[in-house]
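Letter by letter, the chains look like this.
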Amino acid sequence: MLDNMLNTIFIITAAIILISALLTITAHNVVHALLYLVITMLAVSLIFFILGASFAAALQIIIYAGAIMVLFIFVTMMLHQGEKSLAQERHLFHFSTSITALFLSSMLFFELIFMLFMTPAGSANSRVTAPSSAIITVKDIGTQLYGPYSLLVVISALMLLSALITAIHISKSPVTSEIKTKADNL
């Protein structure tokens, strides 16, 4: 019975991932696309939690749904284009356009509440935190991440830095460049 409930929650969460990923791609508004992307990442973390990888679920929420999305939102806000984008930003939030995001995120919230509090303690906790032959600690993950995979970590950090520098370069308005050249000529 419990396996059927967890399978149902898994299927619903997978459907939420597909719907929110599709809405991320098809959204015309960048802020709405980022909102749907956050929902996708939260749903992926719930899948990790269902499969017993609670550390991966926590990392998914902290790193992707937290830090990376803050970076995306920062770059999006930095790329605004004067009065035209300010007028568009004033009309970004309409409750009717956020009903789908609200519905999907509330479904994820209720699934998580159900898994944490409504399932029997012995069976659900044994499924989610099943003992394995080798216990992996945070120290082991850090040793692997900054040991043999340290080059990949540095490359990904450089990619994020170059993306941020590119966004800053793109966001430079021609007006500030003209002011600088006029000041240099004086």
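Keep in mind the model is a prediction, meaning the values are calculated, not measured. (Residues numbered from 1 in each chain as written. Predicted model: local features only at pLDDT ≥ 70, side-chain atom pairs only at ≥ 80, totals over all residues. Heavy atoms only, no water.)

Caption draft 1: Geometry of the overall build of the chain. Each helix and strand counted, the chain has nine helices and zero strands in total. Tracing the chain from N to C terminus, the helices and strands come up as α-α-α-α-α-α-α-α-α. Evaluated residue by residue, the chain yields a buried proportion of 21% over its 186 residues. Considering only contacts in the chain between residues 6 or more positions apart, those separated by 24 or more positions represent 74%. On the chain, roughly 13,000 Å² of surface is accessible, and the fraction owed to carbon and sulfur atoms is 74%. (Helix = DSSP H or I, 4+ residues; strand = E, 2+ residues; numbered from the N terminus. Buried < 20%, exposed > 50% of the residue type's maximum accessible area, 1.4 Å probe, protein only. Contact = heavy atoms within 4.5 Å. Areas by Shrake-Rupley, 256 points an atom, 1.4 Å probe, with all protein chains shown as cover.)

Caption draft 2: Looking closely at the environment of Ser54. By the element assignment, Ser54 lies in helix H3 (residues 54-78). The contacts of Ser54, once residues within four sequence positions are left out, are Phe48 and Phe49.

Caption draft 3: The arrangement of the nonpolar core in detail. Membership of the largest hydrophobic core comes to 17 residues, with the highest contact counts inside it found for Ile16, Ile39, Ala43, Leu46, Ile50, Leu108 and Met115. Elements supplying a minimum of two residues to this core: helix H1 (2-26), helix H2 (30-50) and helix H5 (99-118). Top element by residues in this core is H2. It accounts for seven residues. Not counting the four nearest positions on each side in its chain, Leu108 is found in contact with Thr13, Ile16, Ile39, Leu42, Ala43 and Leu46. (Core = buried A, V, L, I, M, F, W, Y, C linked by side-chain atoms within 4.5 Å.)

Caption draft 4: How the structure looks around the packing of H2 against H5. Two elements in contact, H2 and H5, have axes separated by 10 Å at closest approach and are oriented at 15 degrees. As far as their axial angle goes, H5 and H2 are roughly parallel. The crossing of H2 and H5 is left-handed. Contact residues: H2 offers Leu35, Tyr36, Ile39, Leu42, Ala43, Leu46, Phe49 and Ile50, while H5 offers Thr100, Ala101, Leu104, Ser105, Leu108, Glu111, Leu112, Met115 and Leu116. Residue classes in the contact of H2 with H5 are distributed as 14 nonpolar, two polar and one charged. (Axes fitted to C-alpha atoms, helices over the stretch in contact; angles between N-to-C directions. Parallel < 35°, antiparallel > 145°, perpendicular 65-115°, else oblique. Left-handed = near helix turned anticlockwise from the far one by under 90°. Nonpolar A, V, L, I, M, F, W, Y, C, P; charged D, E, K, R; others polar.)

Caption draft 5: View of H2. Between its first and last C-alpha, H2 extends 30 Å over 21 residues, near the 30 Å set by a 1.5 Å rise per residue. In the segment just after H2, Gly52 is the residue with positive phi, at about 95 degrees. (Expected span 1.5 Å × (residues − 1).)

Caption draft 6: Looking closely at the packing of H1 against H5. Orientation of H1 relative to H5, taken along the N-to-C sense of each, is 155 degrees, at an axis distance of 11 Å. When the axes of H1 and H5 are compared, the pair comes out roughly antiparallel. The two elements H1 and H5 cross, and the hand of that crossing is left-handed. Within the contact between the two elements, H1 uses Met5, Leu6, Ile9, Ile12, Thr13, Ile16, Ile19, Ser20 and Leu23 and H5 uses Thr100, Leu104, Met107, Leu108, Glu111, Phe114 and Met115. Split by residue class, the contact of H1 with H5 holds twelve nonpolar, three polar and one charged.

Caption draft 7: Representation of the environment of Ala101. Within the element layout of this structure, Ala101 appears in helix H5. Each C-alpha atom, one on Ala101 and one on His32, is 8.6 Å from the other, the two residues being 69 residues apart in sequence. In this structure, Ala101 is in contact with Leu35, Tyr36 and Ile39, ignoring residues within four places of it in sequence.

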